[in-house]
Structures are given as C-alpha cells and as structure tokens.
Amino acid sequence: MISEEKKLFDSRLNRHRDELKWLYMELYDSDEWYKCLEEGLWRFYKERNAALREMDLEREANPDWYRKNDMLGMMLYVDNFAGNLKGVKEKLPYLEKAGINYVHLMPLLESPKGRSDGGYAVADFRKVQPELGTMEDLAALTEKCHQKGISVCLDFVMNHTSEEHEWARKARQGDKKYQDCYFFFDGFTVPALYEKTVPQVFPTTAPGNFTWLPQCGKYVMTTFYPYQWDLNYRNPMVFQEMMFHFLFLANQGIDILRIDAVPYIWKELGTNCRNLPRVHSIVRMMRMITEIVCPGVLLLGEVVMEPEKVVPYFGTVEKPECHMLYNVTTMATIWHTVASHDVCLLKKQLDTLCALPGDYVFLNYLRCHDDIGWGLDYASLWKERMQAEIPHKKFLNDYFRGCFPGSVSSGELYNDDPVTQDARFCGTTASMCGIEKALAKKDEKMLASAIDLDIMLHAFMLMQSGIPMLYSGDEVAQLNDWSYREEPEKRDDSRYIHRGKFDWEAAKKAEDPDTVQGKVFTRLKVLEEIRRKEAVFEGSAAAWTIQTWEPAVLCMARADGRDKLIGIYNFSPEEKMAWIDEKGSYTDLVTGETGPASGVRMPGYGFRWLKQQL
Ligand code: GLC
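Described in the following lines is the structure provided in the data block. (Residues numbered from 1 in each chain as written. Predicted model: local features only at pLDDT ≥ 70, side-chain atom pairs only at ≥ 80, totals over all residues. Heavy atoms only, no water.)

Another aspect to go through is empty space enclosed by the protein. One pass over the full model with this rule turns up 7 cavities of 30 Å³ or more. The space that makes up the largest cavity amounts to roughly 150 Å³. Along its surface, the largest cavity is lined by 18 residues, and Tyr471, Ser472, Gln478, His498 and Gly500 are the ones closest to its centre. Where the lining of the largest cavity is concerned, the elements lending two or more residues are β1 (73-76) and α4 (78-82). (1 Å grid on protein atoms, 1.4 Å probe; cavity = no way out; pocket = protein on both sides within 12 Å on 5 of 7 lines; lining within 4 Å. Points joined across faces, edges and corners; volume = space filled by probe spheres on them. Helix = DSSP H or I, 4+ residues; strand = E, 2+ residues; numbered from the N terminus.)

Quick look at the structure:
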C-alpha cells in the first residue's frame, strides 16, 4: 500500500518530473545520478517534520501568503544583535515591537575566523558557527519564530565554499575527485584566458579571479576572496550535494533561502561568467526541487546586476525561478537622487518597475550588509545631460563622504579601483542621511533635516510594491561604526563600517520621543502600521508615477480599485511645490488632514501619503 505521504510526494514530483529530468539530463546526462537525486528528494521530504509539512500545505493553498502588505523584514547579524542564536530567541520581543515578521539571519554556518567574508565562506553547510550555537538552536529559534508568525531567512552560499571545506581540504591534498568539485588548473594558461573576459568583484581587496595553491602546485578559481573557491556545477556531485545541503537547511525550518551570488554559479571560457543560460537552468531546477520537497519555502535571489539582468531571475509564469529578488537598482537610484536632488532617473526606474507584472515580488531596501555599487541607468542619465559614468560615480562618492558642498553625509569608499575608477560606497542609512555629522556638530536644525531625510526615504521604500526590508539598527538610526579600522581582520573591508554591534542602550531610547532613536523609531512605526492597514499597499495594487513639474519632487500613485494613494517625496532640503493635477479631496494618512492634491507645498525632505476613496 502506498502511504499518504508518498502519494503527496509523488503528485508533487510528477508535476515537475518531465521538466526536471529534461533540464538535469541537458546538464549531466546521467540516469544514475538523476536517480540518486530523486531518492534524495524523497529522503529529505520524509525527514521534514510534521509542523513544516503542515505549513507547506497551508502555503500551497495560499500561494500569495508573502505578497500581502503585512510583511516587514529585517536583516541582522546574530552576533551583533544578540551574541548568539539563543540570544536572538530572547530578543524576539524587540523584533515584535518593531513590527518585524520576516527576519534574515546573516550567515551563521561554520566559517574560518579572519577568512570568512562575513560568513560567506562556508566550511560546513550543516554546522552552525560554534560561538553562535548549534543546529538545534537554529531549529529551536525557527520554531519559536513560527509560533510568533515570523518567517526566517538564511543565506545559501552556493557559488563557493571556504578553502577549509572538507572538499577543499581533500582537493588541496591532491585528491582528483575533490579537485573536480572546483576549477583547478595546472598552469596559468587557461586562467589567463578567463582573466581576459571576467571582471573582478573585489578589485582592490582581492584582485584577480584565481589563486595559486603552493601545497598542490595548482591554481584554483576564486571569483571572490582567495579563500572562497568557486564550485564547479558541471559536476553532478556538486549539484546534488549542494541541493541536499539546501534541503537540509530548509528542514531546519528556514522559510526563505537567499541564494547568494547566484549569477556567478556557471562558468564558461570566453564569457564574463555572469548570468549564463545554465544559471537559469539550475535556479529553475532548484525551484522545482523546492516545490517537490518543501513547497512552503521561498527562494530569494541575490542578483546585484543591472536591471535587464535582474528580472529574468523571476523566470516565466509557466517556469518560475526565484520568488523574490532584491530591488537593487531602485536602491542605488534612491541614493543617487539624494545626492543629485533630481528625481528624473528614479522616476524612470519606477516607470520600468511599474510596467512589470504585479506578481513579481521585490525586496525593497535602503541599506544592507554590502556596499552600494553605483549600478545606475547611465544611458538615461546621459540623455538627461548629466555627467558621464566615471565623473558621476566620483560625484556620488564625494557627496556621500561629505566632501561635496552642502553634503552632510558620512561613510567610506569600497574597493576604490584605480583602473576602472569604479569605487562603491559604505555607510549606514542614518550616517548617509547626515545624522552622524549633525550629532557631532550638535546642530539641531541639521539634525532635524537629516532625520526628515531618513524618514522620507523609508516612506518611499514602504510605498513600493513588494517586501520592505530594514537593515538592523536603521530603525533606531544607528551610526557608522568606525572602530572596524582598528581591527586587523576587518580594517581592509570597509563594509564593516555598517556592520557594527547593535547598540541596546541606544535602542532603549526608542521609547523616548525626545531622542533621535525615539524620533526615528516612532515615526517609522506609524508608517509601517499604515502600510499594514491599507490594502492599497498590497503587491497587487497598481502603481504609476505622476509628473510634479519640480525636479526634486517625486510623485508616485497606487490604486487597488477601492482607494488611490498619492505619495509625494521631496528630495531637496529646501521647501518645494509639487504641481500635480489630481482631482478631488485627499486625506493625509499620517496627519489625518484633508485637502486637494494639486499644488502641494512640500517642506524640505518632506513627504505626503494622500489617500482618496475611489
Ligand atoms: C554576496 C554577499 C557578500 C559576499 C559575496 C560573496 O554578494 O552579499 O557579502 O561578499 O556574496 O559570497
């Protein structure tokens, strides 16, 4: 007799088997390996606990569960936030108070000290970094989160392993089987060919894409740091074992797996080794594997690329790939707009996004653990008669370092490459908005303006379709942490400037509306609650932009058939008028005042959320 669980598994498998096998055979052409994969899927399905299977069924029945306007995310480092996993469990009430129901725990798997790239060099995919706890602690935390209605996201670093991973160690000792899990070369002839076409991710902190291994006298491909060895997905063993690690993590109760650096996972000589067609075959297979074994789990693709490269990672309606992607271009364009006080490029970016199918879910954010790369639509900038790419990047970096007249921002350059002159930028939202400088100068007026900018940017982020994601500390205006410069393991990587310890003393002040923390925390809370209450913020609500005839003021609208929402954002510190031509009377969702939405006076860095019943 076939059990109920097997029947359910089979029905999910049968839905995808043709396509899964087809894609698999195209890459690996091996019935034997394919059989092992299917057997593994069944094993992981059986190991999935009853509560998670229950959740799978609920989410299958309600596939839009993550598309509502009630999601609010936060990404945090376990050690910075609460010391270890048990600590995070104790601090859940704080997250609840902040309205968070989706928490991204930054990399927490075993990773060698000082050679970890912030945890993105994984030595063991099934073991938690000992200082942070154990796998049992992780499963206990996810269970607790689920009880509180919080979803948990974890990174799945699939492009590479640490040089201390078991495979890497065996490969270094000369074992061919494990060398084949990576890209090994006897001499530099082939690597030199790759170097001709493959750009560099960390041109100053980790130049080149290959690393010499004296112990075995070979080169290994290392796109990121020299201690992060690129995995070779042409090898069926790599694909299979990595998929099993992925399912293992899903079975610890992880709801969202962030597939790290996914555009890089397939390499081909003569190409830039980014976004190759095979990457999409692999992501599509991962999506099917997820739907077969753990259909409640979501895939979040980390695709930090130019706009036309990002959207294909959603796949198609019939063949979806990622459930969610980062809204990276909007993020970079927001900061460009802060510096330029000119909304034309941001408006254009929104027009592009608004034209996409409403069921694409973007993760909207202002800052994250990484640097800001100035990946803007330079062709459009050029048309608007702004500067060319290199001088414009220099302007942005000068602006945010506070070296430009009128700028009150502070932060650091990242990977300032003298060859491409393509420096990126690091800093916290609050410091980039000028809160740090204003506090240092004890300038109340400057401080109020910086806080207004910080809140206005969050309001803008909250109005976008998708899931808003806060970077831990931003809810209490956490400043840059310059102490990283004194720590030998961190000082070469300026991303640590915005990876400081969470300041619990400062967080206590969130209760006091006279403090900076209190002002930011309470104003954000009001906006988040409005977002949660008003259906017009849902992903399915239409979105479009409106001309304001004022270069520094952006206007965006959303409508869901019942209500219309007009959001107006002043990116200038000066007062401006927004000349929009919207008929009838509107209610300001923040102040409750009513009035027309035609000539709207906008204070410096002010914003309005104006609602009208349709
Ligand atoms: C991703 C991470 C980044 C890391 C890189 C290599 O881009 O966000 O922090 O350095 O992958 O794993």
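So, on to the site of the ligand. Near the ligand there are 13 residues, and of these Asp117, Asp260, Glu302, His369 and Asp370 occur at the shortest range. One of the side-chain nitrogen or oxygen atoms of His369 is found 2.8 Å away from an oxygen atom of the ligand. Asp370 has a polar side-chain atom sitting 2.4 Å from an oxygen atom of the ligand. Coverage of the ligand by the protein amounts to 95% of the 310 Å² it exposes when considered alone. Spatially, the ligand is embedded in the largest pocket. Residues of the shell around the ligand, tallied by class, amount to 3 nonpolar, 3 polar and 7 charged. (Near = heavy atom within 4 Å. Polar contact = N/O pair within 3.5 Å; in protein donor to acceptor, adjacent residues only side chain to side chain. Areas by Shrake-Rupley, 256 points an atom, 1.4 Å probe, with all protein chains shown as cover. Sits in = over half its atoms within 2 Å of the grid points. Nonpolar A, V, L, I, M, F, W, Y, C, P; charged D, E, K, R; others polar.)

A separate point is the layout of surface pockets. In this model, the largest pocket occupies a volume close to 1400 Å³. As for the largest pocket, its lining consists of 50 residues, of which Tyr264, Val304, Met305, Gly373 and Arg424 are closest to the centre. At the level of elements, α14 (328-340) and α17 (389-401) are the ones that each hand at least two residues to the lining of the largest pocket. Residue contributions to the lining of the largest pocket peak at 4 residues, all from α14. Tallied by class, the residues present in the lining of the largest pocket amount to 23 nonpolar, 11 polar and 16 charged. Counted as a void, the second largest pocket has a volume near 970 Å³. Along its surface, the second largest pocket is lined by 40 residues, and Ser116, Gly118, Glu489, Lys490 and Tyr496 are the ones closest to its centre. No other element matches the 3 residues that α4 contributes to the lining of the second largest pocket. The class makeup of the residues in the lining of the second largest pocket is 15 nonpolar, 11 polar and 14 charged.

On to the sheet that holds strand β7 (residues 184-185), then. Pairing is antiparallel across the open sheet formed by 3 strands, whose spatial order is β7-β9-β8. Edge positions in the open sheet fall to β7 and β8 (210-213), since each of these has one partner strand only. Note: β7 against strand β9 (residues 218-221), 2 bridges, orientation antiparallel. By the bridge assignment for β9, Phe185 is matched with Tyr219. (Pairing = 2+ DSSP bridges.)

Before going further, it helps to spend a moment on unusual backbone geometry. In this structure, Ala261 is a non-glycine residue whose phi angle is positive, near 45 degrees. With respect to the element layout, Ala261 can be found in the loop between β11 (256-259) and α12 (277-293). The class for Ala261 is buried, based on a relative accessible area of 3%. (Buried < 20%, exposed > 50% of the residue type's maximum accessible area, 1.4 Å probe, protein only.)

Bringing a nonpolar patch on the surface into the picture now. Residues Val190, Leu193 and Leu269 make up a contiguous nonpolar surface patch of roughly 220 Å² in combined accessible area. Position of Leu193 among the secondary structure elements: in helix α10 (residues 189-197). In this structure Leu193 comes out as partly exposed when scored by relative accessible area, which is 39%. (Patch = residues over 30% accessible without salt bridge, like charges linked within 9 Å, V, L, I, M, F, W, Y side chains within 5 Å. Salt bridge = Lys/Arg side-chain N within 4 Å of Asp/Glu carboxyl O.)

Another point: the pairing of β11. In β11, alternate side chains face the same way, and those of Ile256 and Arg258 on one face and Leu257 and Ile259 on the other are all buried. Across 4 bridges, strand β5 (residues 151-156) lies against β11 in parallel orientation. What sits directly across from Leu154, in β11, is Leu257. Relative to strand β12 (residues 298-301), β11 runs parallel, the two sharing 4 bridges. Note that in β12 the partner of Ile256 across the bridge is Leu298. The parallel pair β11 and β12 is bridged by α12, and the resulting crossover is right-handed. (Right-handed = clockwise from strand over helix to strand, strands pointing away.)

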